[in-house]
Structure formats: C-alpha cells, structure tokens
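For reference, the chains in residue letters:
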Amino acid sequence: MTLKNNIRNIAIIAHVDHGKTTLVDGLLRTSGIFRENQEVEDRVMDSNDIEKERGITILSKNTAIEYKDYKINIIDTPGHADFGGEVERVLMMANGVVLVVDAFEGPMPQTKFVLKKAFELNLPTIVCINKIDREEARPDEVVDEILDLFIQLNAGEEYLDSPFIYASAREGYATKDPNEKYTDMTPLLDTIIDYIPAPEGDINEPFKLLISTTDYSEYVGRIGIGKLESGSIKVNDTAHIVNYNDKSVDKKINITKIYEFQGLNRVEVSESSVGNIIAVTGVEGINIGDTICSEEDVRPLPFVKISEPTLSMNF
Ligand code: GDP
C-alpha cells in the first residue's frame, strides 16, 4: 500500500486555453503514460468487460502519475467560469496547486479567480509559465505580472518562495531557467515532490472520506469522490454518511467498490489509506460536502461553505 508521505495531491489551475490539458499530457508522457495508447487500451477493455469498466469511465478527469517513488494525484479543475463553488470544492482535495499561465497572455480573469481560491485555502503554489516556445512569449514580464497579482491578492509571506517553472507543454519540457531548455517535464515533477507537502492524517484513526465530487453511473450507481482524511477503508466496510447541511447521520451503508486513480485509469482496489483521492460506490444518497465515516467515529469533517454562484469574469 502506498505510504501517505509518498503521495502528492495537486490541482492544476489556469485560465482557459493556457495549456492545462496539454500540461497534464506532458506530465503523463514524462512518467511513461501516453494518451494515444490509452485510447487503444480503453477500446480493448470496453470489448472485454464493458459493464465493469464503463461503470467508472464517466468519473471526473482526475489522473495520477507514478514518479520516482511517489504517486502524484492530479485533480482536474474547471477552466470555465465557476458557478457555485466548484473550484473550491475540488481544491479541497489538493495539498497544493500548479498555476499555469500563458507566457504571452499573462494572468487573465480566471487566473486571478482560481489563485484567490488557492490562497484562501492556504495551498502552496507552483507557478508554471507555459508556452515559452511561442515567438511572442514574454516570460519575464509575465513573472512580474504574476508577482503583482500575488500582492494584489494579499498573498501571505509564505508565498514569497513560490517556485516559478517555465514550460512548453506542447513540446513537452519544463525548466527552472527560461534560457535553458530541458528535454522533458522532470523539473516540474521534481518541484511538485519537493515543494508540495504530503497529505496529513492519521492512518490509525477511524476512516473519514470528505466528498468533493459526485457522479452517477447506471452500472455502479452513485459515486462519491474525495480525499481520505484519516484511516484506511476496505471494500465491504460499513460506514455512515454524515450530511453536510444538518450533520445528520444516515443509515448504515456498505462500501461496495473503491477506486484509485492510476494514469488515465480508475483502478479498483480492495483497500485504500489516508491521503489518497478515491472514488467509492455503495453510497446512495451521498452529496457534495458529506463525510463518509467509519462507524467508530461519525463526527463530520469541516467543508468550505459552498458559495453563492460567482461569475468569475465579474471582477
Ligand atoms: P486548457 O484549456 O488550459 O486545457 O488548454 P489546452 O491544453 O487545451 O491548450 C490550449 C491551446 O494552447 C491548444 O491549442 C494547445 O495546443 C496550445 N498549447 C498548449 N500548451 C502550449 C505550449 O506550450 N506552447 C504552445 N505554442 N501552445 C500550447
């Protein structure tokens, strides 16, 4: 089982089109996973066991990378205008963020919006100036603009050391020095491992899973996705759903399936432990913000209040 100090949970945040998807592809490639191959594999799996696999393929686009001895869970965040706190909710699974900014465009409204959310949650931030291959790229000015944004958003002193990485996600490299090309994304992966803290939590405590996203599939029913904040959870464990709104404790449920993220896949596991981002089934009636608790301790975890709909373009 993966030790929690070998886990990194990061969210990639960016203004739309600044290269989030391409960057995740680059990270996957550097760790030896190719989306093209993946599609072939998916098709193979579909024909073999459609029902079992389809049950979970519609899940959120989270991915995970094995790099050195670490598992890096990459949390997908919405790149569009945020209605109703979606960004906060998924950021709660992260222990740090990679802020992607186009080296020509510089920070844009959604950059400011998502960065503000990351600061509110005190998430350590790695800045990735992307598209440095663009002829019009102006990385030095963009760094200054981002630092101005940090000041404008009242970033705490701890953010003064935020690492800056320069990348061309499209060409598949990242570097700490804009004048120095690198052959792959390892400088960004190494920075993630060094700078983003491991998730905290006690493996010996009763398990608690904070639900940040939900999904549904006709094959496996309701799916709850979130980070295990303590303990370890096994298939067939009994649990209670503690309602976020009124803190009421729901009837006893049975965890029927547990999935971890691996590359572009969701893999079924029999057990998972603190720090991991997982998906579980057997959780009919679960809602975002609820906590799935072991019977031994049904006190819910705190969850950020889901804000009124915010139009991110409006500031
Ligand atoms: P997202 O909306 O943030 O997920 O952005 P995408 O990853 O879809 O990228 C948006 C566009 O920018 C696409 O046309 C990409 O090919 C392009 N793009 C992404 N990364 C780079 C890069 O490093 N250099 C250049 N020149 N283009 C890039």
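What you see is a predicted model, and the numbers here were worked out from it, not measured in a lab.

Draft legend 1. Inspection of the sheet that holds strand 2 (residues 63–67) at higher detail. What the seven strands build is an open sheet, ordered 2-3-1-4-5-6-7; its pairing is mixed. In this open sheet, the two edge strands, each paired with only one partner strand, are strand 2 and strand 7 (173–175). With strand direction ignored, the average angle separating the axes of adjacent strands in the sheet is 25°. When strand 1 (residues 7–14) meets strand 4 (residues 96–102), the two strands line up parallel, connected through five bridges. Counterpart to Ile-10 in the pairing with strand 4 is Gly-96. Together, strand 1, strand 2, strand 3 (70–75), strand 4, strand 5 (125–130), strand 6 (164–168) and strand 7 form the strand contacts of helix 6 (residues 186–195), whose direction differs from that of strand 5 by roughly 170°.

Draft legend 2. Region of the structure containing the site of the ligand. Taken together, 14 residues are adjacent to the ligand, and Asp-17, Lys-20, Thr-21, Thr-22 and Asp-133 come closest. Between the ligand and Asp-17, the relevant distance is 2.8 Å, taken from an oxygen atom to a main-chain nitrogen or oxygen of the residue. The protein chains hide 76% of the 580 Å² of surface that the ligand would expose on its own. The leading source of residues in the shell around the ligand is helix 1 (residues 20–30), at three residues. Class assignment of the residues belonging to the shell around the ligand gives a composition of two nonpolar, six polar and six charged.

Conventions we followed
Residue numbers here run from 1 along each chain, matching the order of that chain's written sequence. pLDDT decides what is reported in this predicted model: residues at 70 or higher carry local features, side-chain atom pairs at 80 or more are listed and counted, and totals for whole chains, interfaces and linings draw on all residues regardless. Only hydrogens and water are removed before side-chain values are computed, so all heavy atoms of the structure are retained for them. Criterion used throughout: strands pair if DSSP finds at least two bridges between them. Note on conventions: DSSP H or I runs of at least 4 residues are helices, E runs of at least 2 residues are strands, and numbering of each starts at the N terminus. Lines fitted to C-alpha atoms define the axes here, with helix axes fitted over just the stretch in contact, and angles between the N-to-C directions of these axes take values from 0 to 180 degrees. By the convention used here, residues are in contact when the closest approach between their heavy atoms is within 4.5 Å. The rule for a residue being near a molecule or strand is that one of its heavy atoms must lie within 4 Å of it. Any pair of N or O atoms that falls within 3.5 Å is considered a polar contact. Within protein, one atom must be able to donate a hydrogen and the other to accept it, and sequence-neighbouring residues count only if both atoms are side-chain atoms. All accessible areas in this document rest on Shrake-Rupley with a 1.4 Å probe, and a residue is counted as covered only by the protein chains that are shown. Nonpolar residues are Ala, Val, Leu, Ile, Met, Phe, Trp, Tyr, Cys and Pro. Charged residues are Asp, Glu, Lys and Arg, and all others, Gly as well, are polar.

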